[in-house]
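Working through the structure, step by step
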Amino acid sequence: MELRILRYFVAVAEELHFGRAAIRLHMSQPPLSRAIKQLEADVGALLLTRSPAGVTLTSAGAVLLDEARALLAHADRVRVRVGAAAGAAPLTVGILGDGTDPGVARLASAYRRKHPGIDIRIRDTDLTDPTCGLRAGLVDVALTRAPFDETALTVWALRTDPVGVVLRADDPLASRDRLRPAELSDRRWFQFPRGTDPVWQSYWNGGTPREGPVVRSVQECLQAVLWNGTVGLAPLGHDLPAELSVVPLTGMAPSRVVAVWNEGDTNPLIRSFVEIATAAYRR
């Protein structure tokens, strides 16, 4: 099995849709479909059940998904270790769907000036993994938002942002100056996929169990609000489409922008990254 084909399979299995997976992989759908069919022929089992509504995993597909994720994570770790042994270790940075933050641009510029010879690799992640692949060994350091399970991690706060409720512009509550979570108790709130960090999920649900559509990305959150009137929370100060409005939410802890890395990791590039990030986010 080629690692490239396994990456294709993981994308389809996570998106449960060939079209979305093709977009995520930056390729067209026909060669993706052919690759998955060839993979099924190679393993001798049906991995996906296709229907007009999308894709579901077979029992064999679920097993392969777990194994493929582990294999790909191991391959990434091998690549990093070999690079380090060759004296050309890169720094891999995970960013949680917030790459337009001005703090990121200032950090990137300052880090390049201080470390012009370091290869910086960026791993952009969706909202299902607040540590951006850190626990899986896919990144060295992450720029993300807290709170989440901090076990065996070092978390350094860079900034705090107040949080607002994202609503349709024509929602009766959209004209309010501010809202309390209790005033939204009868609304549906977006949910993350099963298995997502429960601390992270609880925060974005206002600390109370909720029901609502499952989303994985910022765009899916916004579309859930636009199409279904779902309640979404977001840090204040971000640009939104004209059809949406954000109302400050009271009685809720602000969202913390943080740098996070594995506890005990003494990589000097990470230490320098955090020092530069602290200065970049204070402006």
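Note that this is a predicted model, so its numbers are computed, not measured.

Turning our attention to the overall build of the protein chain. Counting its secondary structure elements, the protein chain contains 8 helices and 10 strands. Relative to the 2.2 N^0.38 estimate, which gives 19 Å for 283 residues, the radius of gyration of the protein chain is 20 Å and therefore close to what a compact globule would have. Dimensions of the protein chain along its principal axes, counting C-alpha atoms only, are 60 × 50 × 30 Å. Here the protein chain, with 283 residues, has 44% of them falling under the buried criterion. Look at the contacts in the protein chain between residues 6 or more apart in sequence, and 70% of them connect residues 24 or more apart. Placing the 33 positive and 31 negative side-chain charges of the protein chain at their respective mean positions leaves the two points 3 Å apart.

So, about the confidence of the model for the protein chain. Any residue range with low pLDDT should be treated as having predicted coordinates unsuitable for detailed reading. On average, residues of the protein chain score 88 in pLDDT, and 93% of them are at 70 or above. Highest mean pLDDT in the protein chain belongs to strand 5 (residues 141–146) (95); lowest belongs to helix 2 (residues 18–25) (80).

Another point: the sheet that holds strand 7 (residues 163–168). One open sheet holds the 3 strands; their spatial order is 8-7-9, and the pairing between them is antiparallel. Edge positions in the sheet fall to strand 8 (232–235) and strand 9 (244–248), since each has one partner strand and no second. Averaged over all pairs of adjacent strands, the angle between their axes in this sheet comes to 40°, without regard to strand direction. Two strands pair when backbone bridges link them, and strand 7 and strand 8 are joined in this way by 4 bridges, in the antiparallel orientation. The residue of strand 8 that forms the bridge with V163 is P235. Where helix 7 (residues 218–228) meets the sheet, its contacts fall on strand 7, strand 8 and strand 9, and the angle it forms with strand 7 comes to roughly 45°.

This part takes up the packing of aromatic side chains. Summed over all chains, the structure comprises 5 aromatic pairs. In textbook terms, an aromatic cluster arises when at least three aromatic residues are bridged by ring pairs, as seen for F190, F192, W200, Y203 and W204. The ring of W189 carries the charged tip of R210 above its face, separated from the ring centre by 3.9 Å.

This part is about the environment of A277. Relative to the helices and strands, A277 resides in helix 8 (residues 268–282). A277 sits in the buried class, given a relative accessible area of 0%. Not counting residues within four places of it along the chain, the set of residues in contact with A277 comprises L107 and L158.

Compared with the 21 Å implied by 1.5 Å per residue over 15 residues, the 21 Å span of helix 3 (residues 29–43) between its first and last C-alpha is a close match. Within two residues after helix 3, G44 carries a phi angle of roughly 70°, on the positive side.

Summed over all chains, the structure comprises 13 salt bridges. Of the charged contacts in the structure, one is a salt bridge between D161 and R159, with a shortest N-O distance of 2.9 Å. Assessed through its relative accessible area of 9%, D161 is described here as buried. Between D170 and R168 there is a salt bridge, and its shortest N-O distance comes to 3.0 Å. For D170, a relative accessible area of 54% corresponds to the exposed category. Three or more residues joined by partner-sharing salt bridges are found here, namely D101, R145, R159 and D161.

Our next topic: the nonpolar core. Ranked by size, the top nonpolar core spans 33 residues in total, and within it L184, W204 and L233 carry the most contacts. Listed by contribution, the elements that provide at least two residues to this core are strand 5, strand 7, helix 6 (198–204), helix 7 and strand 10 (255–262). Residues within four places of L233 in sequence aside, it is in contact with V163, G164, V165, V166, W189, F190, Y203, W204, G206, L249 and M252. One finds L32, L64, A68 and L72 within the second-largest nonpolar core, a separate group that totals 22 residues.

Approximately 170 Å³ is the volume attributed to the second largest pocket. Lining the second largest pocket are L91, V93, I95, V104, L107, A108, Y111, R112, I120, I122, L143 and F273. At the level of secondary structure, the elements contributing two or more residues to the lining of the second largest pocket comprise strand 3 (91–96), helix 5 (102–114) and strand 4 (120–125). Top element by residues in the lining of the second largest pocket is helix 5. It accounts for 5 residues. Class assignment of the residues belonging to the lining of the second largest pocket gives a composition of 11 nonpolar, no polar and 1 charged.

How each quantity is defined
Residues numbered from 1 in each chain as written. Predicted model: local features only at pLDDT ≥ 70, side-chain atom pairs only at ≥ 80, totals over all residues. Heavy atoms only, no water. Helix = DSSP H or I, 4+ residues; strand = E, 2+ residues; numbered from the N terminus. Rg over C-alpha atoms; globule rule 2.2 N^0.38 Å. Buried < 20%, exposed > 50% of the residue type's maximum accessible area, 1.4 Å probe, protein only. Contact = heavy atoms within 4.5 Å. Lys, Arg positive; Asp, Glu negative; His and termini not counted. Charge placed at Lys NZ, Arg CZ, Asp CG, Glu CD. pLDDT = per-residue confidence, 0-100. Pairing = 2+ DSSP bridges. Axes fitted to C-alpha atoms, helices over the stretch in contact; angles between N-to-C directions. Phe/Tyr/Trp six-rings, centres within 6.5 Å; stacked < 30°, edge-to-face > 60°. Lys NZ or Arg CZ within 6 Å of the ring centre and 35° of its normal. Expected span 1.5 Å × (residues − 1). Salt bridge = Lys/Arg side-chain N within 4 Å of Asp/Glu carboxyl O. Core = buried A, V, L, I, M, F, W, Y, C linked by side-chain atoms within 4.5 Å. 1 Å grid on protein atoms, 1.4 Å probe; cavity = no way out; pocket = protein on both sides within 12 Å on 5 of 7 lines; lining within 4 Å. Points joined across faces, edges and corners; volume = space filled by probe spheres on them. Nonpolar A, V, L, I, M, F, W, Y, C, P; charged D, E, K, R; others polar.

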